[in-house]
Amino acid sequence: MKEFDEVSLEYKNTGARRYITGFDGLRVLALLGVIFYHLMPYKVPGGYLGVPIFFAVSGYLITDIFIQEWDRTGKIKLGAFYLRRLRRLYPTLVVVLVASTAYMTIFAHNLLSHIRSIILTNLTFVYNWWLVGHGQSYFDRYNGESPFTHLWYLSVLGQYYFIWPLLLIVLLKIYTHRRVQVAGILFSLSVISAMIMAILYHPDTVNRVYYGTDTRVAPFLIGAALAFIWPSTRLKKNLDLHKNAVANIIGLIIMALMITSFFTMPGTSAWPYYGGIFIFSVLSVLMIAIIAHPAFIWNRALTNPVFKWLGSRSYGIYMYQLPVMVFYEQKVTNIAAHPVLNTIAPLVIILVLSELSYRFVEIPLAQFDYRHLGRFLKEMFDIESGFKWRHVGVAAVLFVTFVAIFGAVTAPEKVSQKTDDLQAKLAKNSKATDRKNAVALKKQKEAQKDHAKSKDKHVKLTKKEKAIAQKYHLTDQEMGAAKSIPLTGVGDSVLEDTGADLQEIFPTAFMSAKVGRQVDEAPELLTSMKKQGQLSDNVLINLGANGPVNAKQIDAIEKVVGKHRKLFWVNVHVPTQTWEGSVNQTLNKATKKYDNLQIIDWNGPAKNQPGWFYGDHVHPNPEGSKEYASLVAKAIIKAVQ
């Protein structure tokens, strides 16, 4: 059924001559990267790089088709192209939006926030720009992860599809016989796009560069540039053996670099936005050039029945993957108990849904003649001829559509109260922590002088200090000791959630917490804090909720902290993720290697306390934050005393 694939269908309809089956393999690589990023971001931190591959392939193939049509007919049929694109993109998009909204209306009402805006902006292909101002970070796995975030890609692609043909016609008319120059112009524009990304990038506003149409156009433009200098119909099938060997070796090196990038380029670091994504896009286009050439082995190597099957269904797989994962994680809250099963299960669901969608949505609507829509609807609703199974299908579609419409119409603009509470708490705690950090360092030196006094059995506490001790279940002796214990905390959103409580107990504590922070960021941050005199004798780490920890990462942190400091690491409670067990096992093993490392067990007490957490089962609510702070404080005080 190759004729129903997105691009092969385009070749067939425009009379273009050659469809490159090897691109299915490249699509599969991109698809696996994106899916495994959502399933296991700790193992494939650069899986988001699958999107530049999709853009690059689209840029090359669509431009190659247009150039062939222009050379053959002297024009490009824009109306026919736009109609084909809508017929290809809209059906699955509508199914995903309607089915997901209906599911959320019944089973996950807290995810319906902004649903009307989400539906409208997706149907008009401007959702990516809506996300710039309203959406969460693509790399934030918590705080009510939206099942639609991945659709930003489709909006950007839709914009390229509708704008690019117009610009291409202008270029072909102006530079009729100077196509190398056109390629140069397009590559220069891609460089400008990469520069805009680098200039606009800031860790606090990553949404602007990640979702922006202008900052993500580089791979599409480079792919389009390749079509001008490497047209598929002019590539010779026979080349000498030496050129073949060199090209195939280069392809192997490029493929190795691309796969390595999936495992070494996390989207939470700065490097991707300062050139990493652009370089990866160039590598992707070079790989496209090698696969496109019929003389090289790569086209045949990436052509097989499995890749053809996945490639033809790649659009559906991409569209259904995030809703399935988000809904699955919300219902199966103890994923960490069976990580292998809970990795395979959502993959199976995604493949089944994609196959059903391919057979009953994509193929039928690709063939459907909309001129006969009235007659078709009449036949579907005809009950005089007796009951038929199609009537069950019609009833199911109508029911799901009605539920979705009801949910979209009746949902308030903000319904995720628990998520809103968490976001408000994180924002409030962040400001409070910044204020306290400003004076914490000055207090640390004074507190160290009074540390010896805190060991006396008779400790005098102020009325305020007694209230704090009572709030966190501390004895007078523990509270007295806490006043003079210097502490530096580094962590992710869990620490940002609980940092204000800890600073209430430890008035000299300096806290650095950020949503989505990965373990890899800690050594550089700790080194910077050390140089600025912000690293005290007691260091608290709360990392691992966003991905697992390995021995090398702990070694790097220990190297910065040094053996003369005490290092406290709070283990993780992330029952909705597969890496919970591996993180805690790795931390426990590290204590055998480092005498100054102490693991504070938060996961154990938290396991059977759902009332301590927000809806994500990871971030402590106000009650849980008290328990967390009490547990951590008692452990630190005991160790220091």
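Residues numbered from 1 in each chain as written. Predicted model: local features only at pLDDT ≥ 70, side-chain atom pairs only at ≥ 80, totals over all residues. Heavy atoms only, no water.

(A) Main features of the overall build of the protein chain. Regarding its fold elements, the protein chain presents 27 helices and five strands. For 641 residues, the compact-globule estimate of 2.2 N^0.38 gives 26 Å, and the C-alpha radius of gyration of the protein chain, at 28 Å, lies within 12% of that figure. The principal-axis extent of the C-alpha atoms belonging to the protein chain is close to 95 × 70 × 40 Å. If you take every contact in the protein chain between residues at least 6 apart in sequence, the share linking residues at least 24 apart comes to 78%. If you sum the accessible surface of the protein chain, you get close to 28,600 Å²; carbon and sulfur atoms cover 63% of it. Averaged over its 70 positive side-chain charges, the protein chain has a centre that lies 5 Å from the centre of its 47 negative ones. (Helix = DSSP H or I, 4+ residues; strand = E, 2+ residues; numbered from the N terminus. Rg over C-alpha atoms; globule rule 2.2 N^0.38 Å. Contact = heavy atoms within 4.5 Å. Areas by Shrake-Rupley, 256 points an atom, 1.4 Å probe, with all protein chains shown as cover. Lys, Arg positive; Asp, Glu negative; His and termini not counted. Charge placed at Lys NZ, Arg CZ, Asp CG, Glu CD.)

(B) Structural detail: the packing of aromatic side chains. Under the definition given, this model contains 35 aromatic pairs. The interplanar angle of 85 degrees and the centroid separation of 5.4 Å between the aromatic rings of Tyr201 and Tyr274 together place this pair among those described as edge-to-face. Placement of Tyr201 in the loop between helix 8 (179-200) and helix 9 (206-211) and of Tyr274 in the loop between helix 11 (241-264) and helix 12 (276-292) is noted, with a sequence separation of 73 residues between them. Its relative accessible area of 9% is what places Tyr201 among the buried residues. The aromatic ring of Tyr161 is capped on one face by Arg85, whose charged end is 5.0 Å from the ring centroid. The residue whose ring lies beneath Arg313 is Tyr358, and the NZ or CZ to ring-centre distance is 4.0 Å. (Phe/Tyr/Trp six-rings, centres within 6.5 Å; stacked < 30°, edge-to-face > 60°. Buried < 20%, exposed > 50% of the residue type's maximum accessible area, 1.4 Å probe, protein only. Lys NZ or Arg CZ within 6 Å of the ring centre and 35° of its normal.)

(C) The pattern of salt bridges, seen in detail. Scanning the model with the defined rule gives 12 salt bridges in all. Between Glu504 and Lys471 there is a salt bridge, with the nearest N and O atoms lying 3.1 Å from each other. One end of the pair, Glu504, is in helix 22 (residues 493-505); the other, Lys471, is in helix 20 (residues 463-471), and 33 residues separate them in sequence. For Lys593, the salt bridge is made with Asp555, and the minimal N-O distance between the two is 3.1 Å. Of this pair, Lys593 sits in the loop between helix 25 (580-590) and strand 5 (597-600) while Asp555 sits in helix 24 (residues 551-561); the two residues are 38 residues apart in sequence, bridging distant segments of the chain. Assessed through its relative accessible area of 55%, Lys593 is described here as exposed. Taking the relative accessible area as the measure of exposure, Asp555 reaches 24% and is therefore partly exposed. Linked through salt bridges whose partners overlap, the residues forming this network are Asp71, Arg179 and Arg234. (Salt bridge = Lys/Arg side-chain N within 4 Å of Asp/Glu carboxyl O.)

(D) Representation of the environment of Phe107. Mapped onto the elements, Phe107 comes out in helix 4 (residues 78-107). In this structure Phe107 comes out as partly exposed when scored by relative accessible area, which is 48%. If sequence neighbours within four positions are ignored, Phe107 has contacts with Gln330 and Lys331.

(E) Spatial organisation of the sheet that holds strand 4 (residues 566-570). Across the sheet, five strands lie side by side as 2-1-3-4-5; this open sheet has parallel pairing. Either end of the sheet is taken by a strand with one partner, and the two such strands are strand 2 (510-513) and strand 5. When the angles between neighbouring strand axes are averaged without regard to direction, this sheet yields 15 degrees. With four bridges connecting them, strand 3 (residues 538-542) and strand 4 associate as parallel partners. The partner of Asn538 across the bridge, within strand 4, is Lys566. This element, helix 24, spans strand 3, strand 4 and strand 5 of the sheet and lies at about 145 degrees to strand 4. (Pairing = 2+ DSSP bridges. Axes fitted to C-alpha atoms, helices over the stretch in contact; angles between N-to-C directions.)

(F) Layout of the environment of Ser314. With respect to the element layout, Ser314 can be found in helix 15 (residues 314-331). What makes Ser314 buried here is its relative accessible area of 9%. Apart from the residues lying within four places of it in its own chain, the contact partners of Ser314 are Arg27 and Leu31. A polar side-chain atom of Ser314 sits 2.8 Å from the main-chain carbonyl oxygen of Gly311. (Polar contact = N/O pair within 3.5 Å; in protein donor to acceptor, adjacent residues only side chain to side chain.)

(G) Local environment of a nonpolar patch on the surface. Together, Val340, Ile344, Val348, Ile349, Val352, Leu353, Leu356 and Phe360 line one region of the surface with nonpolar side chains, adding up to about 720 Å² of accessible area. Mapped onto the elements of the fold, Val340 is located in the loop between helix 15 and helix 16 (341-367). (Patch = residues over 30% accessible without salt bridge, like charges linked within 9 Å, V, L, I, M, F, W, Y side chains within 5 Å.)

(H) Representation of the pairing of strand 4. Across the five residues that make up strand 4, a large majority, four, are buried. Chirality of the crossover, the property in question, places the unit of strand 3, helix 24 and strand 4 among those that are right-handed. Bridge count for strand 4 against strand 5 is four bridges, and the pairing is parallel. Bridge pairing in strand 5 places Val570 opposite Ile600. (Right-handed = clockwise from strand over helix to strand, strands pointing away.)

(I) Seen up close, the nonpolar core. Counting residues in hydrophobic clusters, the biggest one holds 118 residues, and the most contacted among them are Leu26 and Trp152. Every residue in contact with Trp152, bar those within four places of it in the chain, is listed here: Val51, Phe55, Tyr127, Asn128, Leu131, Tyr138, Tyr210, Tyr211, Arg216 and Tyr318. If you look at the next biggest cluster of nonpolar residues, it comprises 61 residues, including Phe568, Val570, Trp579 and Trp602. (Core = buried A, V, L, I, M, F, W, Y, C linked by side-chain atoms within 4.5 Å.)

(J) Layout of the environment of Gln159. Inspection of the secondary structure puts Gln159 in helix 7 (residues 152-174). Note: C-alpha distance between Gln159 and Gly47 (112 residues apart in sequence) is 23 Å. Each residue touching Gln159, except ones within four places of it in the same chain, is listed here: Phe125, Val126, Asn128, Trp129, Trp164 and Thr213.

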